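What follows is each chain in one-letter form.
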Amino acid sequence: MTWFTKWAFKNKASVILMVILTLGLGLMSYFILPKEFLPAADNPMVTVTVTGPGFDADSMLQQVTEPIEKAVNSAKGKKNVFSVTGDGYSKIDIGFDSNVDMKDAKTEVQELVNAVKLPEGVSKPYFLQLNTSMIPVGEVSLTFQDGLSRQNMETAENQIVPVFKGIKGVSDVILYGKKNTQVVVKLDKDKMAANKVPMQALLGGLQANNLAVAVGEETLDGKTANLKVVANLNDIKALEDFYVVPQVRLKDLASVEVVKDTKSIARLNGKEAMDIIIQKDVSSNAVKIGEEVKKAIEEVNKEHGPGIQASLLWATSDMVVTSVNTMMQEVLMGAFFATIVILLFLRNLRMTFITIVSIPLSLGLTLFLLSLSGITLNLLTLGAVAAAVGRLVDDSIVVIENIYRKAQQGQISKELILESTKEVAAAITSSTLTTVAVFLPMGLVKSMQELLLPFALTITYSLLSSLIVALTVVPLMSAGLLKKGKLREHRKPERYMRLLAWSLNHKWVPLVMSFVLLVGSIGLYAVMPKAAVDSSNSSFMQVALSYPTETPYEKVKEGALQLEKFIMEQAEVKDVFMMLGTNEEDAKWGQVKSPTLVQYVATMKKDVNADHFAQQVRSQKSKYAGADLSVDVMSMTGGSGSNIHLDLIGKNPKDLIQASNTVMNEVKGIPGVEKVTTNQKELKPVYTIVVNPAKANPQEVAMQIRSLLNPTPIGMMKLDGKDTVVLLDSSLNPTSEEDLSKIEAATREGAVPLSSIAKIERSEKPSTILKKDGQEYVRVTAAVDPKKLSDISKEIAVKTGVLSLPDGVTLKTGGAVELQADQFSELFQTMAASIGVVYLIMVMTFKTLRAPLAILFTLPLAAIGAVLGLLITNTPVDPNSMIGALMLIGIVVTNAIVLLDRVKQNEETMTIREALIEAGATRMRPIMMTAVATIFAMIPLLFGEAEMGSLVSKSLAVVVIGGLSAATLLTLVIIPVVYELLHFRKAKKQRLAQAELVSLSQ
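Source: prediction; values computed, not measured.

So, how was this worked out
- Residues numbered from 1 in each chain as written.
- Predicted model: local features only at pLDDT ≥ 70, side-chain atom pairs only at ≥ 80, totals over all residues.
- Heavy atoms only, no water.
- Helix = DSSP H or I, 4+ residues; strand = E, 2+ residues; numbered from the N terminus.
- Buried < 20%, exposed > 50% of the residue type's maximum accessible area, 1.4 Å probe, protein only.
- Contact = heavy atoms within 4.5 Å.
- Areas by Shrake-Rupley, 256 points an atom, 1.4 Å probe, with all protein chains shown as cover.
- Pairing = 2+ DSSP bridges.
- Axes fitted to C-alpha atoms, helices over the stretch in contact; angles between N-to-C directions.
- Left-handed = near helix turned anticlockwise from the far one by under 90°.
- Nonpolar A, V, L, I, M, F, W, Y, C, P; charged D, E, K, R; others polar.
- pLDDT = per-residue confidence, 0-100.
- Parallel < 35°, antiparallel > 145°, perpendicular 65-115°, else oblique.
- Patch = residues over 30% accessible without salt bridge, like charges linked within 9 Å, V, L, I, M, F, W, Y side chains within 5 Å.
- Salt bridge = Lys/Arg side-chain N within 4 Å of Asp/Glu carboxyl O.
- Lys, Arg positive; Asp, Glu negative; His and termini not counted.
- Charge placed at Lys NZ, Arg CZ, Asp CG, Glu CD.
- Phe/Tyr/Trp six-rings, centres within 6.5 Å; stacked < 30°, edge-to-face > 60°.
- Core = buried A, V, L, I, M, F, W, Y, C linked by side-chain atoms within 4.5 Å.
- Expected span 1.5 Å × (residues − 1).
- Arc of directions from axis to C-beta.

**Student:** Before we go on, may I ask you to explain the overall build of the protein chain in this structure?
**Tutor:** The helix and strand tally for the protein chain stands at 32 helices and 30 strands. Looking at the protein chain residue by residue over its 1002 residues, the buried ones come to 53%. Residue pairs at least 24 apart in sequence account for 80% of intrachain contacts in the protein chain once pairs closer than 6 positions are excluded. A total of about 46,000 Å² of accessible surface is found on the protein chain, and carbon and sulfur atoms cover 56% of it.

Quick look at the structure:
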């Protein structure tokens, strides 16, 4: 690798130009790199949703859910299928293996589902496959001075939404809160009876005189043309005056009203609102789009205010800016601490400057390489820089320290610098390549691959950049800046040399001590709590008020408005967005939910106590009888990283509900369990109308009953120049089984009561039907403290393991526990692969098996420090700490490589014992400098608050600092002991020969 150094001395002008270009391109890349929250990563799941107004849960299950489940079973890479079926909706989640291409998976699911013939009256299937790039860049709310009128909704859709769609880089703009205007013909039963007009005659008359009907497509005058028959009923009066039968107008039988859909409500701070969700494309800069969104809001308010007011609820651009600034502060603080450490060791400003120049140069080259690789600047790439900043000076420290030591023997010259660099070139190249060999396999962890790969590539780029700087720029700068400088005398560490000599003479003492510490650390790790990564952010709080499904809509609405008022009155709250009911936009995004569920998103003010807000809201639970009230910290990544799932699988719904109640009662009392919920509602009465085929056609009766009990579309009409749906509302609202039996149905014999042609059967069935891989199940979800995940899961396993469940019901645990086990397993496999690659690179470097084997002994030494660090700081083991352990494999072996590389050089002229002691004395200072610089560069991560979604956190820093501290101190003693032990025959012969020479000389 000295070729780089020689080339640098021959091409000084080129190196200077390259340095300037690197800094310039790096700075330019920083500003042009797309900044976003997280890198693009697929969720390995495709969701299919279908809505069917008027269909009960059983009908949706048999006619929609089950056919779709059967169809998607043949999808390639399918892992599992979950479905939720309720009154009027069906949702099927198809999970896939992590190595499946999700674009292909979604396409295949679409083809399979579209081949299924669904019943009339249900919507077309909606398909959703989520990706982190779909996390919105912002949410804008529109409030209206004169309420949510049709004109305001049209203004929002046709004039305001295009303003946001016109922003460069915006991929989609979704408008929520639209309420369809409808013309409702509400029948009066008494008037119909008085005029002797049967329901079927009215319905037939209106449909026969449909208001606007497309009748087909024909070729006229050589061109394809659409044919449409349009009635002259273009206003409400014309509709009212329409003759249903001779002498009887529609207004004599019914009232005609123009109404808005009131079953879904969206409100901001107590006012009716519409919500605009803005998404960006994969390659665009979230920060720039965020700035443009703010300008667009100003433009909208200027043009449409004060009647329509747009306000920004939140923007990920603000979060990205905050995160980038926080991470950059930690990078700069880390670089500052590393500089102080180097200055204290070298006590020479020029040498310190030469060393730390590798940080900006390495970062500049890294940013440029990231831009070429198409990787964005996000929490993970910035976190990688923060984690690697201390390691960036390691190679330069080793080079400059060796130049400094050599300079003690003569004047600074080109030849001395080349020789000094050559001595350590192999060592720093090998140590850097081994570290890179550790980080690259990180990108192969399947469950986290798309998140870890940018992290691993960023560190890889930065380390390779620092190696190039150490071999080119550092020697060249040393030749220019150190010639005239006065260097302090290099002193040998006499105490350390005596300690090392004693340890080599008493090998069993350090070895036994290390073995005891290792066994103790393994024992401690086994009993330490294993945690999940907490991805929540207390800037947003989510409140849910859920009523039983049979609760009247008006009661739900009353409770929703009452709680909204209370939340708005809380001092910690900045904005409150309320949503009630479900609509077509929700279905498109897989968000089918109970019509009796009210959701609130509260944006919190800065530096407020979110826990106090949560307690205040929970204290209101008693005011909402029969409803469930919950408050949670909202996660931008959708994470349920600390939720434990307990799935009860069986065939009998009553047994499943009974078992779920038993499990919930058992889990609720466990310390650390914050909330226990179930996805199953209570049983509700279901009336099945069994039609006698001999008396009536069951299909015809079903269609009639559906049209009588649900508003029925009968056509379209022009209203204010817009096509408007016309619905016929029969006003039949049976309140008992007797009322139901009296409903008249048209048969061949005329209109007859339902009871004369059918039998009505009452049964108790679940309001929602949940299935897992074709079997009915109920899921109990325990939200637990992320820091105590493993301990709580063990206690849950113990308590649920002794429960007596109904026959045919089985219990399976999953969720965060299963995910944690998968992640830990994959990380351990990656560690094993990394160790193998590291060993291979060292064998290629040293051309022997035993020296690299001695170096690997640093790994258990690092484990001792890592576990002690976690124990002392009371930090639980989580996936981030495991990534820290993975980083340690690459970091700690570098010290041993630098040490044993010197030993191998010394062995050409010295005995093994002399080579070890001289190498230890020579390499002690660079080893201590590199370790302390890396440790101090990590200190800001210890005290900084981890950004949501970032892999770089306190637990990672604790593991690296603890492991590197222990490994560095023990490496200076244990590795020489192990090395001599591996060469004990040769070392013994050398010592005997040396002793014999001494005795002969006497």
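**Student:** Looking at this structure, how should I read the pairing of strand 6 (residues 170-176)?
**Tutor:** The element strand 6 is extensively covered by neighbouring structure, given that five of its seven residues are classed as buried. Bridge analysis of strand 6 against strand 14 (residues 271-280) gives six bridges, and the strand direction is antiparallel. Its bridge partner being in strand 14, Asp-172 is matched across the sheet by Gln-279.

**Student:** How do you make sense of the packing of helix 18 (residues 508-527) against helix 31 (residues 954-982) when you look at a structure like this?
**Tutor:** When two helices pack together, their arrangement is given by the angle between the helix axes and by the axis-to-axis distance. Look at helix 18 against helix 31: their axes get within 10 Å of each other, and the N-to-C directions meet at 115°. The hand of the helix 18/helix 31 crossing is left-handed. On helix 31, the residues touching Pro-510, Leu-511, Met-513 and Ser-514 of helix 18 are Leu-970, Val-973, Ile-974, Val-977, Val-978 and Leu-981. Considering only residue class, the contact of helix 18 with helix 31 consists of nine nonpolar, one polar and no charged.

**Student:** Sorry, what's going on with the confidence of the model for the protein chain here?
**Tutor:** Where the model shows low pLDDT, its predicted coordinates should not be examined in detail. This prediction gives the protein chain a mean pLDDT of 80; 86% of its residues lie at or above 70. Across residues 532-537, confidence stays below pLDDT 50; counting only partners more than four residues off in sequence or on other chains, it has 21 contacts.

**Student:** I would appreciate a short explanation of the packing of helix 29 (residues 879-906) against helix 30 (residues 912-943) in the present structure.
**Tutor:** Where helix 29 contacts helix 30, the axes come no closer than 8 Å and their chain directions differ by 155°. In terms of their interaxial angle, helix 29 and helix 30 are classed as roughly antiparallel. Helix 29 and helix 30 meet at a crossing whose hand is right-handed. Together, Met-887, Asn-895, Val-898, Leu-899, Arg-902, Val-903 and Asn-906 of helix 29 and Ala-915, Leu-916, Glu-918, Ala-919, Gly-920, Thr-922, Arg-923, Ile-927, Thr-930, Ala-931 and Met-938 of helix 30 make up the contact between the two elements.

**Student:** Mind showing me how you'd approach unusual backbone geometry here?
**Tutor:** For residues other than glycine, phi is negative in most cases, and the peptide bonds are mostly trans. Here Asp-773, not a glycine, exhibits a phi torsion of approximately 50°, which is positive. Within the element layout of this structure, Asp-773 appears in the loop between strand 28 (768-772) and strand 29 (775-784). Residue classification places Asp-773 among the partly exposed residues on the basis of a relative accessible area of 44%. The phi angle at Lys-847 is positive, at roughly 55°, despite the residue not being glycine. Take Lys-847: it is sitting in the loop between helix 26 (816-846) and helix 27 (850-856).

**Student:** Looking at this structure, how should I read a positive patch on the surface?
**Tutor:** Taken together, the side chains of Lys-6, Lys-10, Lys-12, Lys-414, Lys-422 and Lys-483 make up a positively charged region of the molecular surface. Contributing elements (two or more residues each) for the positive patch: helix 1 (2-10) and helix 15 (414-439). When you line up the elements, Lys-6 lands in helix 1.

**Student:** What is the right way to look at the packing of aromatic side chains in this model?
**Tutor:** What characterises a pair of aromatic rings is the spacing of the ring centres plus the angle enclosed by the ring planes. Per the counting criterion, the structure on display carries three aromatic pairs. Ring geometry for Tyr-30 against Phe-31: centres 5.3 Å apart, planes inclined by 80°, an arrangement best described as edge-to-face. With centroids separated by 5.7 Å and ring planes inclined at 70°, the aromatic side chains of Phe-82 and Tyr-777 adopt a geometry described as edge-to-face. Placement of Phe-82 in strand 2 (residues 78-86) and of Tyr-777 in strand 29 is noted, with a sequence separation of 695 residues between them. Each member of the pair, Phe-82 as well as Tyr-777, carries the same accessibility label: buried.

**Student:** Got a minute to help me understand a nonpolar patch on the surface in this structure?
**Tutor:** Taken together, the side chains of Trp-508, Val-512, Phe-515, Val-516 and Val-519 make up a nonpolar region of the molecular surface, amounting to roughly 550 Å² of accessible area. With respect to the element layout, Val-516 can be found in helix 18.

**Student:** I tried to follow the pattern of salt bridges on my own but got confused; where do I start?
**Tutor:** Any two side chains of opposite charge can pair, so long as their charged atoms come close to each other. A complete count under the given rule lists 19 salt bridges for this structure. Asp-395 serves as the salt-bridge partner of Arg-391, at 3.6 Å between the closest nitrogen and oxygen. Side by side, Arg-391 and Asp-395 carry an identical accessibility label, which is buried. Shared partners join several salt bridges into a network, and the residues in it are Arg-405, Lys-406, Glu-419, Glu-423, Arg-902 and Glu-918.

**Student:** What is the right way to read the nonpolar core from this model?
**Tutor:** One broad rule of soluble globular proteins: the nonpolar side chains tend to lie buried together. Ranked by size, the top nonpolar core spans 120 residues in total, and within it Ile-459, Ile-855, Met-887, Val-892, Leu-900, Met-938 and Tyr-979 carry the most contacts. Top element by residues in this core is helix 30. It accounts for 16 residues. For Leu-900, the residues in contact, after removing those within four places along its chain, are Phe-846, Ala-851, Ala-854, Ile-855, Ile-975 and Tyr-979. Formed by 27 residues, the second largest nonpolar core is a distinct cluster that contains Tyr-547, Ala-610, Phe-613 and Ala-614.

**Student:** How should I be thinking about helix 2 (residues 12-32) in this particular structure?
**Tutor:** Because each turn of an α-helix spans 3.6 residues, side chains separated by three or four positions in sequence point in the same direction. The end-to-end C-alpha separation of helix 2 is 30 Å, in line with the 30 Å expected for 21 residues at 1.5 Å each. Every buried residue belonging to helix 2 is among Val-15, Thr-22, Gly-26, Ser-29 and Tyr-30, and all of these are buried. Summarising the axial view, the buried residues of helix 2 lie within an arc of 100°, below the 170-degree limit, and thus occupy one face. Of the exposed residues in helix 2, the ones pointing more than 90 degrees away from its buried face are Ala-13, Ile-16, Ile-20, Leu-27, Phe-31 and Ile-32.

**Student:** Please clarify how the environment of Ile-265 should be interpreted in this entry.
**Tutor:** Turning to its location among the elements, Ile-265 is positioned in strand 13 (residues 265-268). A relative accessible area of 10% places Ile-265 in the buried class. Sequence separation between Ile-265 and Gly-581 is 316 residues, and the spatial gap between their C-alpha atoms is 6.6 Å. Apart from residues no more than four positions distant in its own chain, Ile-265 is found in contact with Lys-179, Tyr-553, Lys-557, Met-578, Met-579 and Leu-580.

**Student:** Which parts of the structure should I look at to understand the environment of Met-938?
**Tutor:** For Met-938, the location among the structural elements is in helix 30. According to the relative accessible area criterion, Met-938 is buried, its value standing at 1%. In contact with Met-938, not counting residues within four places along its chain, are Ala-387, Met-887, Leu-956, Ala-957, Val-960 and Ile-961.

**Student:** Would you mind going over the side chain of Thr-352 with me for this structure?
**Tutor:** Positionally, Thr-352 belongs in helix 11 (residues 349-356). Looking at Thr-352, the relative accessible area reads 4%, which means it is buried. What Thr-352 contacts, discounting residues up to four positions off in sequence, is Thr-339, Ile-342, Leu-343 and Leu-346.

**Student:** What's the story with helix 19 (residues 553-569) in this structure? I'm lost.
**Tutor:** Here helix 19 contains 17 residues, and its C-alpha end-to-end distance of 25 Å stays within 8% of the 24 Å for a straight helix at 1.5 Å per residue. Those residues of helix 19 that fall on the buried side of the exposure criterion are Tyr-553, Val-556, Gly-559, Ala-560, Leu-563, Glu-564, Phe-566 and Ile-567. Angular distribution of buried residues about the axis of helix 19 spans 165°; they occupy a single face of the element. Exposed residues lying more than 90 degrees from the buried face of helix 19 are Glu-554, Glu-558, Lys-565 and Glu-569. For helix 19, the elements touching its buried residues are strand 13, strand 16 (540-546), strand 17 (573-580), strand 18 (597-604), helix 21 (610-618) and strand 19 (628-633).

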